[in-house]
Amino acid sequence: MGLLSATNTVKHDVSFHLITTPVRTPSSMLSSTFNVALPLELILSIIEHAAYAEGTPDITLLRNCSLVSRAWSLSAQKLLFTSVSLSSQRDYDSFMAAVTPCTYKARTLLDSVVRLKVVIDHNQPHPLNQLSFAKAVSRCHRLYDLSLTLYGLCPSFDDTTLSLLHSGPLISSLTFTNWAPTTSTLLYQLLAIYPTLTTLSLTGLSPPEVPDPCTNPDYFPGTLHELRLNFQHYPSNTIDFLQWILPSPQTLRILDFVREPPTSILTSLFQTLDLGTSLYSLSIPSLSTSEHVSIVQRCTSLRELRVEDTGLAGKVWRGLPKTSLRHLALGVDVNTPLQGLVDLLRGNERHGKGIESLTICLMSGGERHALWSVLKMVCAFVGVELKVFRNVTMFRESLRGDPVFVPSSSQSDQLQFPREKSLRNIYAMRSSYSSS
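Remember, predicted model here, so these are calculated numbers, not experimental data. Each chain carries its own residue numbering, running from 1 in the direction its sequence is written. For a predicted model such as this one, the threshold for reporting local features is a pLDDT of at least 70, and the threshold for listing and counting side-chain atom pairs is 80 or more; totals across whole chains, interfaces and linings nevertheless cover every residue. Note that water and hydrogens are dropped before the side-chain values are worked out from all heavy atoms of the structure.

## Details of the packing of aromatic side chains
Piece 1. When the centres of two rings from Phe, Tyr and Trp lie within 6.5 Å, Trp using its six-membered ring, the rings pair. Their planes under 30 degrees apart give stacked, over 60 give edge-to-face, and anything left gives tilted. For the coordinates displayed, the defined rule picks out seven aromatic pairs.
Piece 2. Between F81 and F95, the ring centres sit 6.3 Å apart and the planes meet at 25°, which makes this aromatic pair stacked. Of this pair, F81 sits in the loop between α5 (70-80) and β1 (83-86) while F95 sits in helix α6 (residues 89-99); the two residues are 14 residues apart in sequence, bridging distant segments of the chain. Like F81, the residue F95 is buried in the burial classification.
Piece 3. With 6.4 Å between their ring centres and 65° between their planes, F389 and F395 make a pair best called edge-to-face.
Piece 4. The buried category is assigned to F389, whose relative accessible area is 17%.
Piece 5. By way of ring pairs, the aromatic residues Y188, F220 and W244 are connected into one cluster.
Piece 6. Its guanidinium or amino end placed over the ring of Y280, R253 lies 5.0 Å from that ring's centre, counting from NZ or CZ. A run of H or I in DSSP becomes a helix once it reaches four residues, and a run of E becomes a strand once it reaches two; helices and strands are each numbered from the N terminus. Per-residue accessibility, obtained with a 1.4 Å probe over protein chains only, is compared with the maximum for each type, and a residue is labelled buried under 20%, exposed over 50%, and partly exposed between these values. Both a distance and an angle decide whether a charge sits over a ring: NZ of Lys or CZ of Arg must be within 6 Å of the ring centre and within 35 degrees of the ring normal.

## Focus on α5
Piece 1. Where α5 is concerned, the buried positions are S73, A76, Q77, L79 and L80. Down the axis of α5, the sector holding all buried residues measures 150°, keeping them to one side. Think of it as the arc spanned by the lines of direction from the helix axis to the C-beta atoms.

## Quick look at the packing of α5 against helix α7 (residues 104-112)
Piece 1. Convention adopted: a line fitted to C-alpha atoms gives each axis, helices being fitted over their contacting stretch, and angles between N-to-C directions are expressed from 0 to 180 degrees. For the pair α5 and α7, the least separation of the axes is 8 Å and the interaxial angle reads 35°. Crossing geometry of α5 relative to α7 is assigned as right-handed. Two secondary-structure elements touch here, α5 through L74, Q77 and K78 and α7 through Y104, K105, T108, L109 and S112. Here a crossing is called left-handed whenever its near helix is offset anticlockwise from the far helix by less than a right angle, and right-handed whenever the offset is clockwise. We call two residues in contact whenever any of their non-hydrogen atoms come within 4.5 Å of each other.

## Re the sheet that holds strand β5 (residues 199-204)
Piece 1. Two strands qualify as a pair provided that DSSP identifies no fewer than 2 bridges between them. Pairing is parallel in the open sheet, where twelve strands are placed in the order β1-β2-β3-β4-β5-β6-β7-β8-β9-β10-β11-β12. Of all strands in the sheet, those bounded by a partner on one side alone are β1 and β12 (385-389). Ignoring strand direction, the axes of neighbouring strands in this sheet form an average angle of 10°.
Piece 2. As judged from the four bridges shared by strand β6 (residues 226-231) and strand β7 (residues 254-257), these two strands associate in the parallel manner. Following the sheet pairing, R228 is matched in β7 by D256.

Below, the structure is given as structure tokens:
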């Protein structure tokens, strides 16, 4: 016990002698380091693809890039000016200040504008007037897509405004939103100016009355490939208006109903205009009745079907064209009948062709559907691309591609579905000016 408790201290004399040895550095590391700059063309290409990574331009990114350096500035501003929005007289003044001087930069920015979104609201302070609207349109000689939204009562275009619009570009796509009860004259004035339209989107309270044949042609002189309707009400004159706007219904390829019209109007439309054999894409809010199923069965060349409502009729799957349908978009909740869809996808393996992509919006516990896991496995097994959204707004936005008809093969009447928003489509809009 005494031995364990004793503490013996042992002292040692220790000294260190440190010698520094020079580190041998390879000769390759001793060479001077240079900052290698990427070619400007490569940098601008990266900016373009980064700005359009999600299909729509990233405005914040482009604004930041335009402030980096003088070399980047003009190219970033060209992308910013691809789509211009004017909702007040102040916006118009700023736009004209940027493009009015006869300089290389001003001409370049004007050449970049392919989309123009205009809002005329006389209830707001300093609203954009019709003459300024026409001046802006007439300056954008490469304009492809025009969007005009009206609030409140707006008078018809006067002769000066019409003259300016006539002197401007021949656009291919028009979006006309009218929340005033009686301003249909403006729509018919625009349609008379732009017989080159291939895409028309109409939003408002109800379809306009058929124009007076004494002051307007008997029918729209253009040829529409895409028609999008978003009306709160569909009165009895809807068929008359659609017959006027579609004198050659066999050329229509895409029909989009944002709000569902009455079944009688929908049935009469397909019977009167005989759209079944020519329609490639149909978007309808619901397919819950036998009348809806009958309409889909008429579309023997359908390549895309978009349905947002989850209450599908179970027999709709048997009426779908199994060889032509390429894209299907629908809402799914816990009660949506999916067995027919699973069987349809399994048929891809037997037929060698069929649905290539499926876009789903999960609603009200749709991920708890008894066949949801089975549907995902079947898509993976047969090679069907599956996109899933849980937000209705994002679901809708993903399905609204650019109003550009890009062939998916050597046959010009083929369209790629689902349609996309991309930088390639912007280039196609710009090139349409030179080709026209």
